[in-house]
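# Tertiary structure, described
The primary structure of each chain is shown beneath.
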Amino acid sequence: ARRGQASPPPTVAAAPELEKLDRDALLALRLPIPVPEALNAELNVLDKDLQAKLRRRQVAFPRSDEALSRMGVKSSKHYARLGEGKKSNFQVERGDNEVARRTPRERKEVDFRNKLYLSPLTTVGNLPYRRICKTFGADITCGEMALATNILQGQASEWALLKRHASEDFFGVQIAGGYADSVTRAAELISREMDVDFIDVNMGCPIDLLCNKGGGAALMKKPNRIKAIAQCASPVIDVPLTLKMRKGYYDGKDICHEFVQEISGWGAQALTLHGRTREQRYTKCADWDYIERCAKLAGDLPVIGNGDIFNFEEYNAHVAGGNVSTVMIGRAALIKPWIFQEIKEQRHIDISATERLDMLKVFCSNAMEHWGSDSKGVETTRRYMLEWLSFLHRYVPVGLLEVLPQSLGMRPPAYYGRTDLETLLASSKVDDWIKISEMLLGPTPANFSFVPKHRSYSYKVLSVDERGDKAENG
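Along each chain, residue indices are assigned from 1 in the same order as the chain's sequence is written. In view of the model being predicted, local features appear only for residues whose pLDDT reaches at least 70, and side-chain atom pairs are presented and counted only at 80 or more, with totals across whole chains, interfaces and linings using the full set of residues. To get the side-chain values, take all heavy atoms of the structure and skip hydrogens and water.

### A short note on the pairing of strand 9 (residues 270-274)
Most of strand 9 sits inside the fold, with 5 of its 5 residues counted as buried. Between any two strands, pairing holds if DSSP finds at least two bridges. Only DSSP runs of H or I covering at least 4 residues are called helices, and only runs of E covering at least 2 are called strands; the numbering of each starts at the N terminus. Summarising the sheet, strand 8 (residues 241-246) and strand 9 pair through 5 bridges and their orientation is parallel. Directly across from Met245, in strand 9, lies its bridge partner Leu273. As paired strands, strand 9 and strand 10 (residues 303-306) are joined by 4 bridges and run parallel to one another. Paired with Leu271 across the two strands is Val303, which belongs to strand 10. Considered for its hand, the β-α-β crossover made up of strand 9, helix 13 (residues 288-297) and strand 10 is right-handed. Note on exposure labels: buried denotes an accessible area under 20% of the residue type's maximum, exposed denotes more than 50%, and partly exposed covers the range between, all computed with a 1.4 Å probe on protein chains only. The path from the first strand over the helix to the second decides the hand: if it runs clockwise while the strands point away from the viewer, the crossover is right-handed.

### Points about the packing of helix 17 (residues 353-371) against helix 20 (residues 430-441)
Packed helices, taken two at a time, are described by the angle between their axes plus the distance between the axes. Between the N-to-C directions of two axes lies an angle of 0 to 180 degrees, each axis being a line fitted to C-alpha atoms and, for a helix, fitted only over the stretch in contact. The interhelical angle for the contact between helix 17 and helix 20, taken along N-to-C directions, is 65°, at an axis separation of 10 Å. Considering the angle they form, helix 17 stands roughly perpendicular to helix 20. In this structure, the crossing between helix 17 and helix 20 has a hand that is right-handed. Note on element contacts: helix 20 touches helix 17 through Ile436, Met439, Leu440 and Leu441, opposite Leu357, Leu360, Lys361, Cys364 and Met368. Looking at the contact of helix 17 with helix 20 residue by residue, the classes come out as 8 nonpolar, no polar and 1 charged. Note on terminology: angles under 35 degrees are roughly parallel, angles over 145 are roughly antiparallel, angles of 65 to 115 are roughly perpendicular, and the others are oblique. Should the near helix be turned anticlockwise from the far one by less than a right angle, the crossing is left-handed, and should it be turned clockwise, the crossing is right-handed. In this analysis, two residues are considered to be in contact whenever any of their non-hydrogen atoms come within 4.5 Å of each other. Charged residues are taken to be Asp, Glu, Lys and Arg, nonpolar residues to be Ala, Val, Leu, Ile, Met, Phe, Trp, Tyr, Cys and Pro, and polar residues to be all remaining types, Gly included.

### Regarding the confidence of the model for the protein
Chain-level pLDDT for the protein is 85 on average; 80% of the residues reach the 70-or-more range. Confidence of the predictor in every single residue is expressed as pLDDT, which spans 0 to 100. Contacts from residues 30-39, a stretch scored under 50 in pLDDT, to residues over four places away or in other chains number 11 contacts. A low-confidence stretch, residues 456-463 stays under pLDDT 50, and its non-local contacts, those more than four residues away or across chains, total 25 contacts.

### Side note on the packing of helix 6 (residues 127-135) against helix 17
Relative to each other, helix 6 and helix 17 sit at 135°, their axes nearing to 8 Å. In terms of orientation, helix 6 and helix 17 fall into the oblique class. Crossing of helix 6 against helix 17: the hand is right-handed. Note on element contacts: helix 17 touches helix 6 through Met359, Val362, Phe363, Asn366, Ala367, Glu369, His370 and Trp371, opposite Leu127, Pro128, Tyr129, Arg131 and Ile132. Here the contact of helix 6 with helix 17 is composed, by residue class, of 9 nonpolar, 2 polar and 2 charged.

### Description of helix 6
Counting buried positions along helix 6 gives 8 out of 9 residues, so the element sits mostly inside the fold. Residues Leu127, Pro128, Tyr129, Arg130, Arg131, Ile132, Cys133 and Lys134 constitute the buried set of helix 6. For helix 6, the capping residue at the N-terminal end is Asn126, with a side-chain oxygen 3.1 Å from the backbone nitrogen of Tyr129. Positioned one or two residues after helix 6, Gly137 has a phi angle of 110°, which is positive. What qualifies as a polar contact is a pair of N or O atoms within 3.5 Å, subject to a donor-acceptor requirement within protein and to the restriction that residues adjacent in sequence count only when both atoms come from side chains.

Below is the structure:
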């Protein structure tokens, strides 16, 4: 434009022209780069017809029936009639053992070694959050723990936990249950209907609701049941089976080392070991010496260590021996999701308050794409973001630390940040978390309240009566 004349408005290329422009040309025009629809897609959506059949118990489980029969496992009363009624379109020729009984060579092979693994985190490990972790360098992601019984009943809320975003290129699902029949059938169903790279069975969750039903960490009291679950579930799926467990159930009674050498023979292709007992929950430090000991005993079975990894120095120390294949990162990824980038770049990253707020903006965008942008979707996004803030506020900026590296067990006193926003993000008050959510999602509804679900520091010493377990090896 000539001097004194207004510049003409920037031209916007027509849709056909956009396809011909490269990245630099698009940036010059200040236009958003087109993203293929596949990158925004969510996979593993529950089919309505399948859901109806599950509710009517019209889905057959031929591989599971054969595996359970071969192992002499009886179906529980609740699942005794599964598969009866109308026949499923999926059938297996009984005379062909190679069809009904998959061999390890026919399964999809995956390599867990030296890959950074984001822990399956109940509530906070949702799909929008996992997308954030992928941008920071997480190699392996896993869906939130889903109950096998609810999967078999066709509960939509449970199947939603199996959803996978297209950006999750190495993705597994985690199921939990206390009995071989339900876990085996759920594993077969997921392998048949869903797009996953592996199926993990949770044997370490410490919550009472699951343990009281014989699942989660309660399985650590019954190694024979662990064996039955692995031996029944492994042959019926076309992807690797992995197990996640703790050292043991009671303090001072570590038992994983007693059978870790046998796990590979049961059909599992990897073991994740959390260096605490169920009784400890998340208190005290994770016992990495014990994890190293079990990794040596495991032989060729990849052992993934879990517990208290908070910086790249700790990661280096725990994988340096060569016995531990890699690490699973849980709470540290909630406090600072960029830990994956720190490990890969081998440096401490000082994330500013503005960058963290931008990260929360991206989370809100991901979440409303996932849960919807209507009033219900916005409030669902708000609650999940508040759950995340109950961990995220514990981050202390590198520039304010007197000593590096910071460990997960360090509890710094209240402090003033370098900016008002940094101080706000460091607040442990729920009211301040709600204020942050209002900055991004608008005012909260009337009479809104929030109480975090997770109590990651709880510690319960069991009574003598609770410790009693007549079926120690049931």
